[in-house]
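Observations on chain architecture
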Amino acid sequence: MKTPDEIKKGLNHCSEDGCKQCPYKDDCDMADGFSVLAGDANAYIQQLEARIDTMTAKAVLFDEAVAAGEKMKRERDAAVEQLKNVDTVDIFYCSHCKHEELCDYNLNSCDDCEKDCPCHTCVDMCNWQWRGVLEGE
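About the thresholds
- Starting afresh in each chain, residues are numbered from 1 along the sequence in its written order.
- Only residues with pLDDT of at least 70 are given local features in this predicted model, and only at 80 or more are side-chain atom pairs given and counted; all residues enter the totals for whole chains, interfaces and linings.
- Neither water nor hydrogens contribute to the side-chain values; these are computed over all heavy atoms in the structure.
- Residue-level confidence of the predictor is what pLDDT reports, using numbers from 0 through 100.
- Per the convention used, a helix needs a DSSP run of H or I reaching at least four residues, while a strand needs a run of E reaching at least two, with both numbered from the N terminus.
- Three labels apply to residues, based on accessible area from a 1.4 Å probe with only protein chains included: buried if under 20% of the type maximum, exposed if over 50%, partly exposed otherwise in between.
- Take a side-chain nitrogen of Lys or Arg and a carboxyl oxygen of Asp or Glu: if they are within 4 Å of each other, that pair is a salt bridge.

With 69% of its residues at a pLDDT of 70 or more, the chain shows a mean pLDDT of 75. Averaged pLDDT values over the elements of the chain bottom out at 60 in helix 3 (residues 90-95) and peak at 85 in helix 2 (residues 31-84).

Our focus in this paragraph is the environment of Ala41. For Ala41, the position within the fold is in helix 2. Residue classification places Ala41 among the buried positions, given a relative accessible area of 9%. Considering only alpha carbons, one finds Ala41 and Lys2, 39 residues apart in sequence, at a separation of 9.2 Å.

Turning next to the pattern of salt bridges. Pairing of side chains with opposite charge becomes possible as their charged atoms draw close. Inspection of the entire model under this criterion finds one salt bridge. In this structure, the salt-bridge partner of Arg76 is Asp77, at a minimum N-O distance of 2.8 Å.

The following block contains the structure:
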């Protein structure tokens, strides 16, 4: 296969200039030579398409990595904000725990609750889990 520049030059000569100074001149008697030129052009186009496919796949991976990075930043910022507001009140820790949605704050304590959840055995936050960023945070 000839170089991409030779292929383009050959296509230009066949479409505009005729055969003078064409890189396919030695192989060409228009019908036969053009099939060689067309084959090279097709191979070149396929190479370019493969490059585009590879670049598109890399762009998708890049976009996914950026989105994951932004999600991690939101998680970090939410956690840091919660830590800034920590005080000595234990209820704060519960309200930011993954298991908090199981709690019934109308009850005085977990002892009064009939649910079987990790909160019953939580001492010094041993069952605490980061709940993640909630909508609106």
